[in-house]
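Read off the chains here:
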Number of protein chains: 2
Amino acid sequence: MGTTQLESAQEPKYWHLKTVLSEALDSEFSVGEILPNERDLAARFGVARATLRQALEQLELEGRLQRRRGVGTTVAPPRVGVSVGTTAQAWPGAADDSWGGLDGAEAVPPTAVARALGTADGEQVHTVRRSRIFAGRPVAAELLYIPAASVPGLPAIDTPTGALRARAVLRELQRSTLQGQDRSVELGSVGADDARELDRLPGAPVLVVTTRFYAGDRTAAVSVATYRADTCRLTFGDSGGVEIHQDPERHAS
Amino acid sequence: MGTTQLESAQEPKYWHLKTVLSEALDSEFSVGEILPNERDLAARFGVARATLRQALEQLELEGRLQRRRGVGTTVAPPRVGVSVGTTAQAWPGAADDSWGGLDGAEAVPPTAVARALGTADGEQVHTVRRSRIFAGRPVAAELLYIPAASVPGLPAIDTPTGALRARAVLRELQRSTLQGQDRSVELGSVGADDARELDRLPGAPVLVVTTRFYAGDRTAAVSVATYRADTCRLTFGDSGGVEIHQDPERHAS
C-alpha cells in the first residue's frame, strides 16, 4: 500500500484515503482476508485514527468491507445481483416466485400504506410476511398488505397466523386480474423484526422496495420489502433475458 | 411527545426511541420545523445523548430529518419520487430526457466498466457527464461511458471537452438500434466531483443506478448515475402511466 497520493488532496482527507485504500483492496487483498488493525493502518498512511475510521465506514457503505464482531474488518465478496423487476408482471406468490417462509396474520397497516390501499383509519388488513433466500443467505424480508376488499372470496380462516393462512390469502389474490404494478426504491434503516431475519443490527442501511399492485382500477396490495444494502445489488432487467454476470458498477461509484 | 413506551423496550433503546420520535414528527411537527436541541431532547426522553444521536442518525437515513450546518436539525419534506425506469427504452439524450448540463470528454473507464464494455486495459472512451434537476434542485449526477466502437460514424471533434462534444457523441450513439437495457440499483457513497454537484459532502450515501445499453449484440454504453439518497425515491413504473402521487412507503420501512 503506497501513501504517495495522500499529500496533494483537494478532497477531504478521509475521502482521498478511501480511494487509495480501495485501490489497495483491489491489488493486494483477496475476498475474506482480514485487514490489518486500525492502529497499524493509520500509522501506515500517516493519518489519524478518526480519518481512517471515516474511510473504512465509506468502504463499508460501498460494500467493499465487512465489519464483523470478533473477526475484524474483512474484504467483502462482490455484491449479489438480486432480480427485483422484470417485464413480466405477476402477483406475489406466483409459481416462479423466489420467496419463502410464509407467515400470515392481520394488522393495521402504516398510515401511508392505508392511504394507498384506501382502507379506513384503524382498519385491519391481511398481512403476509415472506423472506427471500439467495445463495443460502437471507437477502430480503417482505411484508405484504392485502385489504379484505381485494380477496372477496376468501373463506373464513380459523388460524389467526401461520403459513396456511398466508397461502390462502395469496391464492385468493391471484384470482384477480393484475392490471399493473409500480415500484420504488429508497434508502431506509432496518426495523427490529427484519433485522433479526436479515442477520443485521436494527438501524443498518437497507434498500426499501415498495410495490403497488393494481387490480380492479385500484391498489389491490402493497408490498414493502427490505433488502440488505451491504450485500445486494437490485437488478431491473428489461432486456429480455440478457443477464449481467459481471459486476460493472463495482468500482464505478 | 410522550415518553411512555420507552421502558418496556425489547429492541435496542435507540431504535425504540427512533420509533417514538418518528411518531412525534408525524403528529407534532411540520416540514421545515427545527427540532429542539439535543440536550433538551435527551432530557425529555430520559436517554443519553449518544442514544439520542443514534436515533437521529436513523431518522436522517430514512429521510425524515435533515441536518444542516448553522440551522440545526429540521423535519425533512417527503422524498421526491424520481422516475428511473419505464417500459419505453431509449438512448440517453433522447427527446423526452430529463437530463441537462452536458459535458463531454475522454477518459479511461473504471476497470469494471471497461470489462462490461469490452475495451482494452487503459483504452480511453468517450464520456458524457450530465445532471438531473428536479423541482429546481440537483437530484442526480451521471457519467456515461461510450467506447469509440459504439459511435463509428463520429466525425473528428476539435474540442477536447464541453457540451458540443457531448451532444455529438450522443447524437451518433442514437443512430444505432437499441436492443435493450438492464439496470441495477445499489447503495454507494458520493465521490468528490458528484458531491459538489449534488450539494452534499463527499461520502454521503447515494443510490447508484448503473444502466447497460445493448446494441449490435454487445454493451454499447454504460451509465453510472448517483442519486441523492436523502431526498430521492427512485420509481420504476411498469403500469403504463399510473402515477404514484402519494408517498406510501413514507412510514412503512
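Right above here is the structure, for reference.
Moving on, we get to the pairing of strand β9 (residues 218–228) of chain B. Residues and elements named next belong to chain B. Most of β9 is tucked away, with 10 of its 11 residues classed as buried. Here six bridges tie strand β6 (residues 137–146) to β9, and the two strands are oriented antiparallel to one another. Bridging across to β9, L143 finds its partner in V224. Relative to β9, strand β8 (residues 205–215) runs antiparallel, the two being bridged by 10 bridges. Its bridge partner being in β9, L207 is matched across the sheet by Y227. Connecting the antiparallel pair β8 and β9 is a turn made up of two residues, with G216 showing a positive phi of about 55 degrees.

All names here are of chain B. Structurally, the position occupied by T119 is in the loop between α4 (111–117) and β5 (125–134). You can call T119 buried: its relative accessible area is 14%. The residues contacting T119, other than those within four sequence positions of it, are P109, A114, V125 and P147.

Moving on, we come to the pairing of strand β2 (residues 72–75) of chain B. Residues and elements named next belong to chain B. Sheet topology note: the strand β1 (residues 65–68)/β2 ladder contains four bridges and is antiparallel. Its bridge partner lying in β2, R67 is registered against T73. Two successive antiparallel strands, β1 and β2, enclose a turn made up of three residues, where G70 displays a positive phi of approximately 80 degrees.

An ideal rise of 1.5 Å per residue puts 18 Å on 13 residues; helix α3 (residues 49–61) of chain B measures up with 18 Å between its terminal C-alpha atoms. Turning to α3(B), its buried residues number three or more, namely T51(B), L52(B), A55(B), L56(B), Q58(B), L59(B) and L61(B). Buried residues belonging to α3(B) abut β7 (180–189) and β8 (205–215) of chain A together with α1 (13–28), α2 (38–45) and β1 of chain B.

The next subject is the packing of helix α2 (residues 38–45) of chain A against helix α3 (residues 49–61) of chain A. Pairs of packed helices are described in terms of their axes, by the angle between the two and the distance that separates them. Residue and element names in this part refer to chain A. Where α2 contacts α3, the axes come no closer than 9 Å and their chain directions differ by 105 degrees. Relative to α3, α2 is oriented roughly perpendicular. Residue-level contacts link E38, R39, L41 and A42 of α2 to R49, L52, R53 and L56 of α3. Across the contact of α2 with α3, the residue classes break down as four nonpolar, no polar and four charged.

Moving on: the environment of L234(A). When you line up the elements, L234(A) lands in strand β10 (residues 232–237). Looking at L234(A), the relative accessible area reads 0%, which means it is buried. Counting along the chain gives 27 residues from L234(A) to L207(A), while the straight-line C-alpha distance between them is 8.7 Å. Beyond its immediate chain neighbours, meaning those up to four positions away, L234(A) contacts V82(A), V84(A), V185(A), L207(A), V209(A), Y227(A), R183(B), S184(B) and V185(B).

With that settled, the discussion passes to the packing of aromatic side chains. All names here are of chain A. Across all of its chains, the model carries five aromatic pairs over all chains by this definition. A ring pair is formed by W99 and Y227, whose centres lie 6.2 Å apart and whose planes are at 75 degrees; its orientation type is edge-to-face. In this pair, W99 is assigned in strand β4 (residues 99–107) and Y227 in strand β9 (residues 218–228), connecting sequence segments 128 residues apart. Accessibility expressed as a relative area gives 17% for W99, which makes it buried. Owing to a relative accessible area of 3%, Y227 belongs among the buried residues under this scheme. Lying over the aromatic face of W15, K18 brings its terminal NZ or CZ to 3.9 Å of the ring centre.

Residue and element names in this part refer to chain B. The N-to-C vectors of α1 and α3 enclose an angle of 60 degrees; their axes lie 8 Å apart at closest approach. Taken together, α1 and α3 sit at an angle that is classed as oblique. At the point where α1 passes α3, the crossing takes the right-handed sense. Touching K13, Y14, W15, L17, K18, L21, S22 and L25 of α1 are T51, L52, Q54, A55, L56, Q58 and L59, all from α3.

Here is what the cut-offs are and how they apply
Residues numbered from 1 in each chain as written. Chains lettered and ligands numbered in written order. Predicted model: local features only at pLDDT ≥ 70, side-chain atom pairs only at ≥ 80, totals over all residues. Heavy atoms only, no water. Buried < 20%, exposed > 50% of the residue type's maximum accessible area, 1.4 Å probe, protein only. Helix = DSSP H or I, 4+ residues; strand = E, 2+ residues; numbered from the N terminus. Pairing = 2+ DSSP bridges. Contact = heavy atoms within 4.5 Å. Expected span 1.5 Å × (residues − 1). Axes fitted to C-alpha atoms, helices over the stretch in contact; angles between N-to-C directions. Parallel < 35°, antiparallel > 145°, perpendicular 65-115°, else oblique. Nonpolar A, V, L, I, M, F, W, Y, C, P; charged D, E, K, R; others polar. Phe/Tyr/Trp six-rings, centres within 6.5 Å; stacked < 30°, edge-to-face > 60°. Lys NZ or Arg CZ within 6 Å of the ring centre and 35° of its normal. Left-handed = near helix turned anticlockwise from the far one by under 90°.

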